[in-house]
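# Examining the three-dimensional arrangement
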Amino acid sequence: MVTLTNDLVAIGAKAATKAEAIAQAVDLLTAAGKIDPRYGESMMGREKVANTFLGNGIAIPHGLPKDRDLIHETAIAVVQLPEGVEWAPGDIARLVVAIAAKSDEHLKVLTNLTDVLGEPDEADRLATTKNPADIVARLTGAAPADAAPAKAAEDLAEGFDITVTGAHGLHARPATALVDLAKGFDAEIRIRHGEKAANAKSLISILKLGAAGGAELHVSAEGADAGKALAAIRAAFEAGLEDEDEAAGEAAAAAAPRAPAGTVESYDGRTIAGISSSPGFAIAPVFQFAREKIVFDPDAADAEAERKKLDQALQTAWRQLEDLYEEVWKKSGPAKAGIFRAHQEFLDDPEMIEAAQALIREHRSAAYAWHESYNERADILAAMKDQVLAGRAIDLRDAGLRVLRLLGKVEKDENLLPKEPCILVADDLTPSDTAQLDPALVLGLCTASGGPTSHTSIIARSLDIPAVVGAGMTVMEVAAGTPAVLDGEHGLLILDPSAADKARASAALVDLKAQREIEKRDCFKPALTTDGKRVEVVANISDVSEAIAAVNAGGEGVGLLRTEFLFVNRDHPPSEDEQYEIYAAMLEALNGLPIIIRTLDVGGDKEIPYLRMPVEQNPFLGERGIRFCLAHEDLFRSQLRAIFRASANGPLRIMFPMIAMTHELDAALKIADEVRIEVGAEPVEMGIMIEIPSAVMMAPELAKKVDFFSIGTNDLTQYALAMDRMHPVLAKQADGLHPAVLRLIDMTVKAADAAGIWVGACGGIAADPIGASVLSGLGVVELSVSIPSIAAVKAQLRRQSMADNRALAKRALACPDAAAVRALR
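Cut-offs used in this document
- Residues numbered from 1 in each chain as written.
- Predicted model: local features only at pLDDT ≥ 70, side-chain atom pairs only at ≥ 80, totals over all residues.
- Heavy atoms only, no water.
- Helix = DSSP H or I, 4+ residues; strand = E, 2+ residues; numbered from the N terminus.
- Buried < 20%, exposed > 50% of the residue type's maximum accessible area, 1.4 Å probe, protein only.
- Contact = heavy atoms within 4.5 Å.
- Core = buried A, V, L, I, M, F, W, Y, C linked by side-chain atoms within 4.5 Å.
- Axes fitted to C-alpha atoms, helices over the stretch in contact; angles between N-to-C directions.
- Left-handed = near helix turned anticlockwise from the far one by under 90°.
- Nonpolar A, V, L, I, M, F, W, Y, C, P; charged D, E, K, R; others polar.
- Pairing = 2+ DSSP bridges.
- Polar contact = N/O pair within 3.5 Å; in protein donor to acceptor, adjacent residues only side chain to side chain.
- Salt bridge = Lys/Arg side-chain N within 4 Å of Asp/Glu carboxyl O.

Scanning the chain for helices and strands turns up 31 helices and 27 strands. For the chain, buried positions account for 54% of its 825 residues. Considering only residue pairs separated by 6 or more positions, the chain has 70% of its internal contacts joining residues 24 or more positions apart.

Right, let's talk about the nonpolar core for a bit. Within the largest apolar cluster, 91 residues are counted, with the highest numbers of intra-cluster contacts made by F656, F709, I745 and L783. Element by element, the count of residues in this core is highest for helix α27 (residues 739–755), at 7 residues. Excluding its chain neighbours within four sequence positions, the residues that come into contact with I745 are I711, T713, L716, I765, L775, L778 and V780. Within the second largest apolar cluster, 60 residues are counted, among which are L217, A313, L314 and L347.

The next subject is the environment of A467. Locating A467 in the fold gives a position in strand β17 (residues 467–469). Counting along the chain gives 186 residues from A467 to F281, while the straight-line C-alpha distance between them is 8.5 Å. Excluding anything up to four places from it in sequence, A467 contacts I275, S276, S277, S278, L445, A460, L486 and G488.

In this section: the packing of helix α26 (residues 713–721) against α27. One way to put it is that α26 packs onto α27 with a least axis distance of 9 Å and a crossing angle of 120°. Here α26 runs over α27; the crossing is right-handed. Residue-level inspection shows T713, L716, T717, A720 and L721 of α26 in contact with α27, the latter providing A740, V741, L744 and I745. The residue inventory of the contact of α26 with α27, partitioned by class, reads 7 nonpolar, 2 polar and no charged.

Let's shift gears to the sheet that holds strand β1 (residues 9–10). Read across the open sheet, the 5 strands follow the order β1-β4-β5-β3-β2; overall the sheet is mixed. Strands at the two margins of the open sheet, each flanked by one partner only, are β1 and β2 (53–55). Bridge count between β1 and strand β4 (residues 75–88): 2 bridges; the pairing is parallel. Paired with V9 across the bridge in β4 is V78. Helix-sheet contacts for helix α4 (residues 120–128) involve β4 and β5 (91–100), and the interaxial angle to β5 is about 75°. Contacts from helix α5 (residues 132–140) reach β1, β4 and β5, with the element oriented near 110° to β4.

Position of T271 among the secondary structure elements: in strand β10 (residues 270–273). A distance of 3.2 Å separates a polar atom in the side chain of T271 from the backbone oxygen of G269.

Another point: the pattern of salt bridges. Overall, the coordinates contain 33 salt bridges when judged by the stated rule. Two residues, E306 and K309, come together in a salt bridge whose shortest N-O distance is 3.1 Å. Here E306 pairs with K309, and both are found in helix α10 (residues 303–332), just 3 residues apart, close to one helical turn. Given the relative accessible area of 47%, K309 is considered partly exposed. Here R598 makes a salt bridge to D601, at a shortest N to O gap of 3.6 Å. Classification of R598 as buried rests on a relative accessible area of 5%. A single network of salt bridges, built from pairs that share partners, joins E576, D577, R641, R645 and E678.

What follows is the structure, given as structure tokens:
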């Protein structure tokens, strides 16, 4: 909580300009030792890009996030201007509340300010009082004993009292139902909660009431059909206003679940739970990653044209939401689709639209006016005491952004990348996103979407960065710069961690570093279990430098060379000679260790524009992997010639991706043999990836044609569970340790054993602590993992017995779901 004292309040001040008012606030904060005086320039910088006028004569100047290092201690200062100063055209500020916040400690003050926004008389009292204690008490929530009671909002002519029965009050869904009902009547309808009143036809106005479960409300109306309106609204309240139990789920997420005290997952700070996708710890401020920015001119000469633009954008966004509602309703029912109705109500909100139109009449552009209007109200909601209601700020920003995209110009913003060490937070990350990131600055990753097999998880493990995925949209509302701890071991993001939280994470980092040093020291020892069974641990690589790194990390070879990386970031495919040089250099770097080269695997989420890949409705089920190679035989033969030429330089195996049926393998093997003979190379081991359930079903037949199988657990998981591993909602469930996937792996190993060939695995779960144990227990004899994981996986296997791993695998196969498998010890 921010401490506000009388010495940080200037009573009866005067200012000719906004800049002068801000300068007075900066002087107060500087004199108290709270900020570097240069933070004043940051406050003025904020004024150039945003309007900090809240309403009712209150302004809240604050600096830009990039300048938080100029803040010594979070604080606020208040400059009272009884005569007022123009803050923006038509906006007169009489109470300037300057905020210097390192994170979100100031939200309590903002909450109290939003209460004042609905009380003009109280705002006037604070702007004219001679006693700074009045302002201090009001903004800190402790009203002085001599304060006059606030004037209650007036009720309309007819009305009734009602108690909110839902456990979580008037959150988005019941409030939306209430607004829908109220809009069906001509009468003016008002809802009062204590001294606050709301327009029943405005969703934001109702949410601002902060009416929790058990709140006493007075509903009143005035107009020709007032009686009918009140009767309908009473009946709706008594029927529950379409409230549903899933509000409890929203509340649980918003309230930041915390593990029971005394467990390793218990933290003092606010905790957001996700899914562990890469182990480790990080201590750093949050950085919100953004792929785009929306640019627009703040001013416009033709107010009528801007008004029409806003109307058109609102209508278009409304239709988009209607399409989403219908789509989700068909798939998941009305309860899940209901949120899009709430978004539509936001776009229909009369108060928000009028606020935007008022700015347009002052010759602001439609984009600027809309941006200011919805963000102001979202800030108010975010500061509310009730966590569920505060969480609606996410929905309002989402709906507002949908309209803003139609009004402004969407640009890729390459400046929105971290420049200081951070925990990077994002909805999810694509390959192009991660290519821009500096691993030295990104100490941890946390995404709202994704799962253990998502691209983010794969990249995090390859870079040895702790990561938490599938944490939900709550993380997108975390303020940039918020101090945080990322616990990749338990899948937790801890915000505003206590000193004890940081100390524990620091200790864990020290322990982890010591453990990594021991593993590094022993990295060249084989992964020999305590009962004498060996599992080869090899590397997934993409280029020559990684081949060298794999050897230095203790890798016993390369289990997967992703050759598609040779084809990206260029405007034409590599020549045969170029590919030969690269493959030969890798074999030289491996110095006698084997390498498995996977032929070109494109399609799905791996697009290479110059290859003229077909446009497909569902590319994951289209011309992918070996299908693409067979359809582009010249490209396929060129790669195979380079591979067979390189085979003279060391032990090399060839692996075909995405084999679904025997005739695909037959065609690929025929072409490969023709090329080998043409080149004059000796035969090499040939294998296939098992990534498709049909390949598992046909494994006995396929095993007779090849020398080895390598299980691609990431794709096998998404095809077996019918869950796109990049899907924003389903990805977190696409876990390779699901028993359905493990049973497919078990069938594959048994078919291979019967044919006398060996099986490896090169997906994400090969490096997972439980995954490595279960896979080896199922009979997988080679684990291909990211380079940073090699030493840890080998060390783990050396501590275990194969007998125990087989018993663990047997128990895993009998589990009902992935969570049960992960709970095994």
